[in-house]
Amino acid sequence: MLKFLSQPVATPTLSRRRFLLTTSLGTAGFVIGCSDTRQQAGTPAANNEPVVATDLNAFVRIGSDNTVTVIVKHLDKGQGVSTGLPTLVAEELDADWAQMQFEFAPADVTRYANTKSGSQGTGGSDSIANSYLQMRTVAAAARAMLVGAAATAWGVAAGEITVVRGVVAHEASGRQAQFGELAAAAASIEPPTDPTLKSPDQFTLIGTQVPRLDSPAKTDGTALYTIDMDLPDMKVALVAHPPKFGATVREIDSTAASAMSGVLGVYPIAAGVAVVADSFWTAKKAREALVIDWDTSAAELRSSEQIISEFKQLVNETGAVARDDGDVDAALDGAAQILELQFELPFLAHAAMEPMDCVAHVTDERCDIWTGSQLTTLDQGNASAAAGVSKEDVHIHTVYAGGSFGRRATLESDFVVEAIAISKAVGAAHPIKLQWTREDDFASGYYRPMGLHRVRAALDDAGKPVAWRHRIVTQSFFAGTSFERMINEGLDPLAVEGAANLPYAIDNIHVDLQLSRVYLPTLWWRSVGHTQNAWVAEVVVDQLAKAAGQDEVAYRLELLGEHPRHRAVLELAADKAGWGSPAKTGVHRGVAVHESFSSYVAQIAEVRVSDAGELTVERVVAVVDCGVAVNPDIIRAQVEGAIGMALGAYLREAVHLDNGTVREQNFDQYRPLRIHEMPTIDVHIVKSAEAPSGIGEPGLPPLAPALTNAIARATGKVITRLPLGDQLKTS
Amino acid sequence: MKVQFTVNGESRDVDVPEDKPLLWVLREDLKLTASKYGCGIAQCGACTVHLDDQPVRACSIPATAVAGRTITTLEGNQSTEGKAIQTAWRELDVVQCGYCQSGQMMSATALLQSNRRPTDADIDAAMGGNLCRCATYHRIRAAIHKAAAALEA
């Protein structure tokens with residue numbers, strides 16, 4: 001998604017590569033020289049001398065205790081980037097994994113921008129993809145500086161020096177040193193402008209299973225999330241949000257709330273009414289004591305049923321054209337068979353385990369923010385406007401996020417701006433921690449939008465598809481925001497991703513988009529438009545294969561002639577799942593293949609449906625091609641998790657509006673997958689020399705169609721409305 | 001209201017509102033933040049701690065209701081089973097976002113304390129109250145089996 005948030009990063013006279021080096025190595029030689037009290041993952045200093053940290057560039061910091069701290073420019077919300085980026089650095093630095101540690105980068109777009117978007121932030125599954133060459137390059141430069149320092153100190157040629165697992169050595173003279181001893185001198189060495197990178201056959205860490213750097217802190221309770229922040233004089237804030245989207249405060253009676261012991265004050269802000277107190281519990285009790293008269297005259301008052309009715313009108317109207325190959329109308333006229341299916345998808349909640357939260361402290365001079373900041377440059381800009389200080393005076397301290405799935409990446413920085421508004425109202429005497437409750441998290445935005453899709457496809461008399469018309473009705477995330485410009489003549493690229501680029505060889509394809517009105521705030525939800533479009537496309541293709549009387553895998557392979565990576569994952573999945581041989585009695589298989597975020601994933605689901613209509617998902621075989629697999633174990637974890645999340649959504653997740661109020665307000669009503677429902681998952685990774693591509697999201701889209709296709713084989717019923725709910729129940 | 005209980009082996013006295021949940025007393029009054037808030041209604045398990053060795057949802061028990069009793073949080077999860085669980089969690093890199101994992105490990109520890117050789121069905125029954133939105137369930141299961149095997153050895 002970040003590619004849509006672009007801003008210029010380099011002057012036209014500099015190549016990107018050159019630009020990266022000149023900016024990211026520009027701080028070489030800056031010795032911090034302070035006592036380092038950060039979490040130490042490496043070997044501690046042998047005595048009590050303060051650790052001196054030396055920045056060799058913006059990303060690589062060497063401690064006098066031989067630790068290598070990688071400044072991680074992306075938020076780790078579980079996807080493992082705080083291990084992935086240090087892996088890239090350690091590889092080219094020839095460091096020992098045991099000496100590696102990390103910290104999150106501050107907000108500074110001049111040093112920590114995404115190399116593709118130019119904006120600092122995390123999303124679009126491209127953290128490894130955009131960092132792959134950058135991290136390796138800065139690490140190779142840092143290595144050259146350390147080697148240069150050793151060469152000078154020892155009076156030997158740099159070319160005779162080796163670096164192996166953190167030890168810099170000169171074999172002929174028998175000299176050796178560790179990074180910590182060399183760092184200060186290395187900092188004054190001019191970094192090479194174009195350091196040589198390893199060839200893949202020289203990799204010793206990339207492609208191996210290095211342990212996650214965040215595992216120790218996340219298993220002993222010391223990992224710091226926003227909710228754990230505790231600053232001197234800090235107060236806790238809860239906000240009474242409007243009960244319906246667009247409602248405003250008409251009148252507040254805060255007498256009872258304000259009188260409660262421990263309550264600092266009640267503050268009307270744009271987002272609602274904030275209650276600030278000495279603890280979460282006091283703030284929550286005080287919020288319950290508020291009497292607020294809400295004006296709902298301009299609020300959204302529709303129910304989900306009305307919204308889907310409006311979608312069903314819109315699907316009959318021509319939309320903005322996303323793709324137009326050949327002549328679909330003519331092809332449909334002359335076709336031997338026509339198939340039409342209409343699909344419905346609900347609003348979904350991200351429901352990250354950590355409800356949204358943010359610590360803010362605004363003073364006259366500066367604004368400090370502690371949160372799991374995902375779109376950091378945007379957050380910084382929005383915070384600057386909200387706080388009334390310059391962007392440079394907005395200091396974002398990124399901490400671990402207890403999940404996101406897109407939720408922490410809002411274009412308007414909603415909860416960050418909310419925290420700043422409260423901090424301004426409270427004044428500089430107290431930093432405030434805004435804490436949303438689970439109910440706030442479900443009821444106050446944002447959501448994967450609802451969707452209605454209609455596909456009309458045609459086969460010739462040989463069973464070959466000759467026409468494909470796909471109309472999408474959904475709400476754009478950008479509509480009604482300051483990013484409305486992302487919608488180009490009615491076309492939101494994120495709403496049609498995975499549909500407009502249908503990979504199958506069909507001569508006549510027409511894909512168009514009807515954007516609905518804005519009902520409530522919507523947002524990217526893990527894999528974004530692909531959550532809808534992969535399901536629709538892969539279910540229809542399966543039905544076309546059935547109509548043609550052909551095997552579903554063979555049919556797809558035939559139509560994927562121009563797409564070898566699709567074909568390869570599909571063929572391997574079929575092989576691994578035993579597609580060609582019968583499944584166990586009562587077990588039925590379904591297949592899907594989809595590319596998203598430049599990665600290719602095929603999945604084969606094995607399901608059982610009882611006579612009573614109880615669905616059991618027994619196994620999912622997943623094959624992924626995400627280019628060079630930097631950490632295969634984390635890739636497997638991401639695919640397992642994506643499948644689990646997708647399965648929960650498929651079975652029963654939905655957010656409903658009842659007269660504008662969100663029905664599902666906690667986990668008793670919105671029920672993600674639980675452990676006993678997790679199928680066996682076999683993940684296979686295609687060996688690839690292609691550049692690394694996404695893995696946080698691509699495992700999700702194929703699951704829904706693979707399941708639908710398996711259920712269709714088991715029952716003859718094609719599911720076209722999600723979630724599944726009790727649609728299979730016979731009693 | 002004044003209340004005394006034992007937390008991670010130490011006697012603690014706090015003066016808190018009568019209805020303040022144990023979770024928030026642990027987190028705010030005792031600065032033990034490993035136990036997390038996820039739902040407030042005992043549906044997600046992120047706040048799981050041990051009350052006299054039984055796993056409970058600290059978000060839904062007033063601290064004043066546990067006066068005189070013994071509470072263990074992840075910070076003090078030092079039993080043989082607790083250590084085995086945390087070791088297995090690290091060895092298998094179970095965590096993703098990590099937010100629910102304190103509660104997961106406390107539920108898993110309690111399981112092993114009552115059942116040294118849990119079956120998959122036992123794990124389903126014991127862990128069904130702990131949500132993981134990252135769906136790390138495979139590794140949670142594998143880590144419990146691994147910890148159980150380590151305790152056998």
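Not measured: the values here are computed from a predicted model. (Residues numbered from 1 in each chain as written. Chains lettered and ligands numbered in written order. Predicted model: local features only at pLDDT ≥ 70, side-chain atom pairs only at ≥ 80, totals over all residues.)

## Notes on the overall build of chain A
Right, on to step 1. Check the secondary structure of chain A and you find 19 helices and 30 strands.
Right, on to step 2. Along the first, second and third principal axes, the C-alpha set of chain A runs to 80 × 75 × 50 Å.
Right, on to step 3. Buried residues in chain A amount to 55% of all 731 residues.
Right, on to step 4. Sequence separation of 24 or more characterises 77% of the internal contacts of chain A that already satisfy a separation of 6 or more. (Helix = DSSP H or I, 4+ residues; strand = E, 2+ residues; numbered from the N terminus. Buried ≥ 20, exposed ≤ 12 C-beta atoms within 10 Å, placed from the backbone. Contact = placed C-beta atoms within 7 Å.)

## Thoughts on the overall build of chain B
Right, on to step 1. Each helix and strand counted, chain B has five helices and five strands in total.
Right, on to step 2. Taken over the C-alpha trace, chain B has a radius of gyration of 15 Å; the compact-globule value for 153 residues is 15 Å, and the two agree within 12%.
Right, on to step 3. Based on the C-alpha atoms only, the size of chain B along its principal axes is roughly 45 × 30 × 25 Å.
Right, on to step 4. Within chain B, buried positions represent 59% of all 153 residues. (Rg over C-alpha atoms; globule rule 2.2 N^0.38 Å.)

## Here we look at the packing of helix H11 (residues 376-387) of chain A against helix H12 (residues 414-426) of chain A
Residue and element names in this part refer to chain A.
Right, on to step 1. Axis separation between H11 and H12 bottoms out at 9 Å; the angle between their running directions is 25°. The angle between H11 and H12 places the two elements in the roughly parallel class. In this structure, H11 meets H12 at a crossing whose hand is right-handed. Counting all contacts with H11, which are made through Asp-379, Asn-382, Ala-383, Ala-386 and Ala-387, the residues of H12 involved are Val-416, Val-417, Ile-420, Ala-421 and Lys-424. (Axes fitted to C-alpha atoms, helices over the stretch in contact; angles between N-to-C directions. Parallel < 35°, antiparallel > 145°, perpendicular 65-115°, else oblique. Left-handed = near helix turned anticlockwise from the far one by under 90°.)

## Observations concerning the confidence of the model for chain A
Right, on to step 1. For chain A, the mean per-residue pLDDT works out to 93, and 93% of the residues sit at or above 70.
Right, on to step 2. Low pLDDT, under 50, characterises residues 1-45 of chain A; the predicted model gives this stretch 92 contacts beyond four residues in sequence or across chains. (pLDDT = per-residue confidence, 0-100.)

## A closer look at the environment of A:Gly578
Residue and element names in this part refer to chain A.
Right, on to step 1. Along the chain, Gly-578 turns up in the loop between helix H17 (564-577) and strand E25 (588-596).
Right, on to step 2. For Gly-578, a count of 13 C-beta atoms within 10 Å corresponds to the partly exposed category.
Right, on to step 3. Here the alpha-carbon distance between Gly-578 and Arg-589, two residues eleven residues apart in the chain, equals 9.9 Å.

## Some points on the sheet that holds E25(A)
Residues and elements named next belong to chain A.
Right, on to step 1. The strand order across the open sheet formed by four strands is E25-E26-E27-E30, and the pairing between neighbours is mixed. Each edge of the open sheet is held by one strand with a lone partner, namely E25 and strand E30 (680-685). The sheet shows a mean angle of 15° between the axes of neighbouring strands, direction not considered.
Right, on to step 2. Taken together, the six bridges between strand E27 (residues 615-625) and E30 define a ladder with parallel strand orientation. Residue Val-620 lies in a different strand from E30, and its bridge partner there is Ile-681.
Right, on to step 3. Strands E25, strand E26 (599-609), E27 and E30 of the sheet are contacted by H17, whose axis makes an angle of about 135° with E27. (Pairing = 2+ DSSP bridges.)

## Here we look at the interface of chain A and chain B
Right, on to step 1. Each partner contributes residues to the interface: chain A has 45 residues there, and chain B has 44 residues.
Right, on to step 2. Contributions of two or more residues to the side of chain A that touches chain B are made by helix H6 (215-220), helix H8 (280-289) and helix H18 (632-651) of chain A.
Right, on to step 3. When residues in the side of chain A that touches chain B are grouped by element, the largest group, six residues, is from H18(A).
Right, on to step 4. A class-by-class count of the residues in the side of chain A that touches chain B yields 20 nonpolar, twelve polar and 13 charged. (Nonpolar A, V, L, I, M, F, W, Y, C, P; charged D, E, K, R; others polar.)

## Let's talk about unusual backbone geometry
Right, on to step 1. Cis geometry marks the peptide bond from A:Gly445 to A:Tyr446, where omega comes out at -5°.
Right, on to step 2. Positionally, A:Tyr446 belongs in the loop between helix H13 (438-443) and strand E21 (447-448).
Right, on to step 3. Look at A:Asp94: it is not a glycine, yet its phi comes out positive at around 55°.
Right, on to step 4. With respect to the helices and strands, the residue A:Asp94 is situated in the loop between helix H2 (81-93) and strand E5 (100-104).
Right, on to step 5. The phi angle at B:Ala42 is positive, at roughly 60°, despite the residue not being glycine.
Right, on to step 6. Mapped onto the secondary structure, B:Ala42 falls in the loop between helix H1 (22-29) and strand E3 (48-51).

## Quick notes on helix H4 (residues 120-127) of chain B
Residues and elements named next belong to chain B.
Right, on to step 1. Within H4, burial applies to Ile-123, Ala-126 and Met-127. Viewed end-on, H4 has its buried residues packed into an arc of 85°, placing them on one side of the element.
Right, on to step 2. Residues of H4 that are buried in the fold lie against helix H3 (101-114) and helix H5 (137-152). (Arc of directions from axis to C-beta.)

## Focus on the packing of helix H15 (residues 530-548) of chain A against helix H19 (residues 703-715) of chain A
Residue and element names in this part refer to chain A.
Right, on to step 1. Their axes nearest at 8 Å, the elements H15 and H19 cross at an angle of 30°. The hand of the H15/H19 crossing is right-handed. Contacts between H15 and H19 involve Ala-534, Trp-535, Glu-538, Val-539 and Asp-542 on the former and, on the latter, Ala-704, Pro-705, Thr-708 and Asn-709.
Right, on to step 2. When its residues are assigned to classes, the contact of H15 with H19 shows five nonpolar, two polar and two charged.

## Some remarks on the environment of A:Glu562
Right, on to step 1. Position of A:Glu562 among the secondary structure elements: in the loop between helix H16 (552-559) and H17.
Right, on to step 2. Placed 57 residues apart in sequence, A:Glu562 and A:Ala505 show a C-alpha to C-alpha distance of 7.9 Å.

## Quick notes on the sheet that holds strand E12 (residues 272-277) of chain A
Residues and elements named next belong to chain A.
Right, on to step 1. An order of E11-E12-E9-E20-E17-E18-E19 is seen for the seven strands of this open sheet, with the pairing classed as mixed. Every interior strand has two partners, whereas the edge strands, strand E11 (263-269) and strand E19 (394-398), have only one. Across the sheet, the mean angle separating the axes of adjacent strands is 25° when strand polarity is ignored.
Right, on to step 2. In this sheet, E12 lies alongside strand E9 (residues 235-240) in antiparallel orientation, the contact comprising five bridges. Bridge assignment links Val-239 to a residue of E12, and that residue is Ala-274.
Right, on to step 3. Strands in contact with H12 are E9, E11, E12, strand E17 (357-362), strand E18 (367-371) and strand E20 (432-435); relative to E17, the strand with the most contacts, it is inclined by about 40°.

## Points about the nonpolar core
Residues and elements named next belong to chain A.
Right, on to step 1. Ranked by internal contacts, the top residues of the largest apolar core, which has 273 residues, are Ala-237, Val-275, Val-276 and Ile-420.
Right, on to step 2. Per-element tally for this core: the top contributor is helix H4 (residues 127-154), with 15 residues.
Right, on to step 3. Setting aside chain neighbours within four positions, we find Ile-420 in contact with Ala-360, Val-362, Cys-367, Ala-383, Ala-386 and Ala-387. (Core = buried A, V, L, I, M, F, W, Y, C linked by C-beta atoms within 7 Å.)

## Some words on the pairing of strand E6 (residues 161-164) of chain A
All names here are of chain A.
Right, on to step 1. Taken together, the four bridges between E6 and strand E7 (residues 167-170) define a ladder with antiparallel strand orientation. Bridging from a neighbouring strand, Val-163 pairs with Val-168 of E7.
Right, on to step 2. Hairpin remark: E6 followed by E7, antiparallel, with two residues in the connecting loop; positive phi at Arg-165, about 45°.

## Things to note about the pairing of E7(A)
All names here are of chain A.
Right, on to step 1. Taking every second residue as pointing to the same face, the buried face of E7 carries Val-168 and His-170, while none of Val-167 and Ala-169 on the other face is buried.
Right, on to step 2. Examined bridge by bridge, E7 and strand E8 (residues 175-178) share four bridges and lie antiparallel to one another. Within E8, the position partnered with His-170 by the bridge is Arg-175.
Right, on to step 3. The hairpin formed by E7 and E8 contains four residues between the paired strands, and Gly-174 there has a positive phi angle of roughly 75°.

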